[in-house]
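Single-letter residue listing:
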Amino acid sequence: MNDHTPALLIILPLLFAFLVSGMAWIKKGLCYPLAAGGSGLCAFFSIRLFAHVLEHGTVQYSLGGWEAPWGIGYHVDLLNGLVLVVVSVLAFINMIATRRAVAAQFPEKEGAFYALYLLFIVGLVGIAATGDLFNLYVLLEVASLTSYGLIALGGGRAPLSSLNYLYMGTIGGCFYLLGVGYLYIMTGSLNMADVASLLPPLYGSSAIWVAFTFCMVGVGVKMAFFPLHVWLPNAYTYAPSAVSSLIAPLMTKVMVYVMIRLMISVFCVDFAFSVLDLGNAMVWLSILAIVMGAALALAQKNLKRMFCYIIVSEIGYMVGGAWLGNPAGMTGAILHILNDALMTICLFLAAGTIHYRINNLDLDQLQGMFRRMPVTMACLVAAGLSIIGVPPTCGFFSKWYLITGALQAGQYGFMAALLFSSLVNVILFFRVIEIGYYGDFHHGRVHGSALETRTEAPAAMLVPLLILSAGLVVMGVFTGTIVTSVIDPVLPAALGRQPLCP
Amino acid sequence: MSELIPVIVAKYNYWLYIVLMMIGLYAMIAKNNLVKKLVGMNIFQTSIILFYVSIGCKKGATIPIIHHGIHAGQHAVDPAHYVNPLPHVLMLTAIVVSVSTLGVALALAIKIYNRYKTLEEDEILARLRAQ
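Here the residue numbers are simple positions, counted from 1 along each chain's written sequence. Just so you know, chain letters begin at A and ligand numbers begin at 1, following the order they were written in. Confidence filtering applies because this is a predicted model: local features only for residues at pLDDT of at least 70, side-chain atom pairs given and counted only at 80 or more, and all residues used for totals across whole chains, interfaces and linings.

1. Quick notes on the overall build of chain A
On a plain count of helices and strands, chain A comes out with 22 helices and two strands. Expected size for 502 residues packed as a compact globule is a radius of gyration near 23 Å; at 22 Å, chain A falls within 12% of this value. Principal-axis analysis of the C-alpha atoms gives chain A an extent of 75 × 60 × 40 Å. Three exposure classes are used, based on other C-beta atoms lying within 10 Å of a residue's own C-beta, which is placed from the backbone: buried for 20 or more, exposed for 12 or fewer, and partly exposed in between. A buried classification covers 62% of the 502 residues belonging to chain A. Here, residue contact means that the backbone-derived C-beta atoms of the two residues sit within 7 Å. When contacts within chain A are restricted to residue pairs at least 6 apart in sequence, those whose partners lie at least 24 apart make up 79%. Secondary structure follows DSSP: runs of H or I at least 4 residues long count as helices, runs of E at least 2 residues long count as strands, and numbering of each begins at the N terminus. For a compact globule the rule gives 2.2 Å times the number of residues to the power 0.38, and the radius of gyration it is set against comes from C-alpha atoms.

Structure, rendered in structure tokens:
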């Protein structure tokens, strides 16, 4: 591919971020159209690039014309093509859906908000597209820094939780950087493909082992893998609703992608499973993540906070699936990146829409919500069903692959954890349904009270939400196509050689 | 002990960065004041910069610039005579990242101070609990 699509993906939102922050001084009303334009162009180019990759195979792009091991190479195959599409399209839809909420919440700061929003897209898209380990670190910090800023825009405890996130995030980023440093000492290269080709003779070295551990711990902090998750619930709960529906679905999922990328195309499967033999330990850690995430979600009294712990639990699904060490588990993990991004954005957008109307997301404030906002609650229930894993929705299919993988690998604990968290999710969402549907009866309210009136959110917020909820079912229906045409080709052949029972 | 000393001396740059990193981590975990935590964070980041810069270093090597002399470019360049410039260049970017992280963190600290009139974590938490 001779054109510059991979570079445009990153440069366009960057350029528009600059334009938006300048426009804030001239004409505030133009900030949003500019930002939507930048984000839309990014989504358009990523879909085009993904279509090209589907048809013609992997795209290599050298920035500035410097060939790969010396210059920075962008390397887009089906796996990151998929992540690129997920990130840019969901960010675009979220920008459209939350316009009203943003205008109501920070009328003075729209320029700054949209500039940060676009920079966040730059970071995530860059992480997904790059084929260079150090470039990945820089873009990771771009995404993290903008998310600290975006989260701090919320009121109340938001700055404090953002600062705590910053401490943890910086430690994570630095650990990753340290891991890359060890890799560079041993191989003298930073290009992922080049490092992968230089590594096999060095597998015995303890420096590579240290590099792998540092990279994994660093990425684990950024993705909020269970014992390292403490920053996530506060940061995402106190963030403004438009921000949490952007960051919560995308940031953690992209970090899971980074982990899978490191596992399959930098250190390679042989190292992760045969040399280090970490599969068992990581699967047990993710069992802990799933169970603890689900248990903590049960204890929450706030809708958004409950969703945050569901994310912690879902991260356990993906990490565990990737470390099962067989094709079904890896397929489940990659499919779940896509599905979970979709489910989480649906949940957080619905929560944001409710927040737009009633300004409170405590569970006991949700009484009568089904009568007041039927469409929003229907979308919330659809996303909830998908999180639980009810068949026509996409959540069922990725969970199916994960459970199949667990059975093949003989990891019955992981399978039990998946089923346990599904049951907990049933309780969580039926509790929301109970409060929303029957809550007002318990309080003996008479008909015709304020809770009876229908105060549905504006159509501009509902249409994107409805599109996303429909997407949940559409993705479920097309799971077979996605798996055979996108995920199967990227699975490393070495996975198939793994013994089925460790 | 006598075997340990040569190991430490031979790899003193690594030991130094680990010591600095632990000081930074200790400050981030144990200090109560939010700005002291930030200082710890900066020490932590600087230790990694030091680590990278030290791995590019070689004994008896010079800066990686080829003189524009009469015979410039006519003789083969021996990498053993030059310091590896790449880690230093990478660290320029890492320094930019660490400065901007510090900037964002200080801005957040100001916001927190304006709200709670203190930067001591236990006082802030006590106030939050009282609410």
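2. Some points on the interface of chain A and chain B
If you look at the interface, chain A gives 20 residues, while chain B gives 24 residues. The element best represented in the side of chain A that touches chain B is helix α7 (residues 158-187) of chain A, accounting for 12 residues. Looking at the side of chain A that touches chain B, its residues break down into 14 nonpolar, four polar and two charged. Amino acid classes used here: Ala, Val, Leu, Ile, Met, Phe, Trp, Tyr, Cys and Pro are nonpolar; Asp, Glu, Lys and Arg are charged; the rest, including Gly, are polar.

3. As for the packing of helix α1 (residues 5-26) of chain A against helix α5 (residues 110-129) of chain A
A packed helix pair is summarised by two numbers, namely the angle formed by the two axes and the spacing between the axes. All names here are of chain A. What counts as an axis is a line fitted to C-alpha atoms, over the stretch in contact for a helix, and the angles between N-to-C directions run from 0 to 180 degrees. The interhelical angle for the contact between α1 and α5, taken along N-to-C directions, is 170°, at an axis separation of 8 Å. The angle between α1 and α5 places the two elements in the roughly antiparallel class. Where α1 abuts α5, its residues Pro6, Leu9, Ile10, Pro13, Leu14, Phe16, Ala17, Val20, Ser21, Met23 and Ala24 lie against Glu110, Gly111, Ala112, Tyr114, Ala115, Leu118, Leu119, Ile121, Val122, Val125, Gly126 and Ala129. Residues that form the contact of α1 with α5 fall into these classes: 19 nonpolar, three polar and one charged. Angle categories: roughly parallel below 35 degrees, roughly antiparallel above 145, roughly perpendicular from 65 to 115, and oblique for all the rest.

4. Quick look at helix α20 (residues 459-477) of chain A
What sets the pattern is the α-helix's 3.6 residues per turn: residues three or four places apart point alike. Residues and elements named next belong to chain A. When the terminal C-alpha atoms of α20 are compared, their 27 Å separation across 19 residues agrees well with the 27 Å that a helix rising 1.5 Å per residue should span. Listed in full, the buried residues belonging to α20 are Met461, Pro464, Leu465, Leu468, Ser469, Gly471, Leu472 and Met475. Residues of α20 that are buried sit in contact with α3 (78-97), α4 (99-105), α15 (327-358), α17 (374-388), α18 (394-409) and α21 (479-490). What a helix is expected to span follows from its residue count: subtract one and scale by 1.5 Å.

5. Here we look at the confidence of the model for chain A
Residue and element names in this part refer to chain A. The share of residues in chain A with pLDDT of 70 or more is 95%, and the mean pLDDT across the chain is 86. pLDDT expresses how confident the predictor is about each individual residue, on a scale running from 0 to 100. Within chain A, no element has a lower average pLDDT than helix α22 (residues 493-496), which sits at 67, and none a higher one than helix α6 (residues 133-152), at 92. Across residues 498-502, confidence stays below pLDDT 50; counting only partners more than four residues off in sequence or on other chains, it has 11 contacts.

6. Side note on unusual backbone geometry
The general pattern is negative phi for most residues beyond glycine and trans for most peptide bonds. Unlike most non-glycine residues, A:Ala224 shows phi in positive territory, near 65°. Along the polypeptide, A:Ala224 turns up in the loop between α9 (206-223) and α10 (231-238). On the basis of neighbour count, A:Ala224 is assigned to the buried category, with 26 C-beta atoms found within 10 Å. Here B:Lys117, not a glycine, exhibits a phi torsion of approximately 60°, which is positive. Note that B:Lys117 resides in the loop between α4 (86-116) and α5 (121-130). Of the residues examined, B:Lys117 has 10 C-beta atoms within 10 Å and is grouped as exposed.

7. Notes on the environment of A:Ser469
All names here are of chain A. Relative to the elements of secondary structure, Ser469 occurs in helix α20. Exposure remark for Ser469: the 25 C-beta atoms within 10 Å place this residue in the buried category. In this structure, the C-alpha to C-alpha distance between Ser469 and Ala378, residues 91 residues apart in sequence, is 9.0 Å. Discounting chain neighbours no more than four positions away, the residues touching Ser469 are Cys346, Cys379, Ala382 and Ala383.

8. Here's the deal with the nonpolar core
Residues and elements named next belong to chain A. By our criterion, buried Ala, Val, Leu, Ile, Met, Phe, Trp, Tyr and Cys residues that link up through C-beta atoms within 7 Å make up a nonpolar core. Val20, Val87, Leu118, Val125, Val254, Met259 and Cys346 are the most contacted members of the largest nonpolar core, which totals 229 residues. Sorting elements by how many residues they give to this core places α15 first, with 19 residues. When near neighbours in sequence (up to four residues on either side) are disregarded, Cys346 contacts Cys379, Ala383, Leu468, Ser469 and Leu472.

9. Digging into the pairing of strand β1 (residues 59-62) of chain A
Residue and element names in this part refer to chain A. Side chains of β1 alternate between two faces, with Val59 and Tyr61 buried and Gln60 and Ser62 left unburied. By the convention used here, strands pair only if DSSP detects at least 2 bridges between them. By the bridge criterion, four bridges tie β1 to strand β2 (residues 73-76) in an arrangement that is antiparallel. Within β2, the residue paired with Tyr61 across the bridge is Tyr74.

10. Describing α1(A)
Residues and elements named next belong to chain A. Taking 1.5 Å of rise per residue, the 22 residues of α1 would be expected to cover 32 Å, and the 31 Å separating its terminal C-alpha atoms lies within 8% of that figure. Roughly 25° is the biggest bend found in α1, and it falls at Ile11, with proline Pro13 one to four residues downstream. Of the surrounding secondary structure, the elements contacted by the buried residues of α1 are α2 (31-56), β1, β2, α3 and α5. Fitting axes to the seven residues ending at a residue and to the seven starting there, one defines the bend at that residue as the angle between these axes.

11. Examining the environment of B:Ala30
Its location among the elements puts B:Ala30 in helix α2 (residues 12-30). With 23 residues separating them in the primary sequence, B:Ala30 and B:Val7 have C-alpha atoms 30 Å apart.

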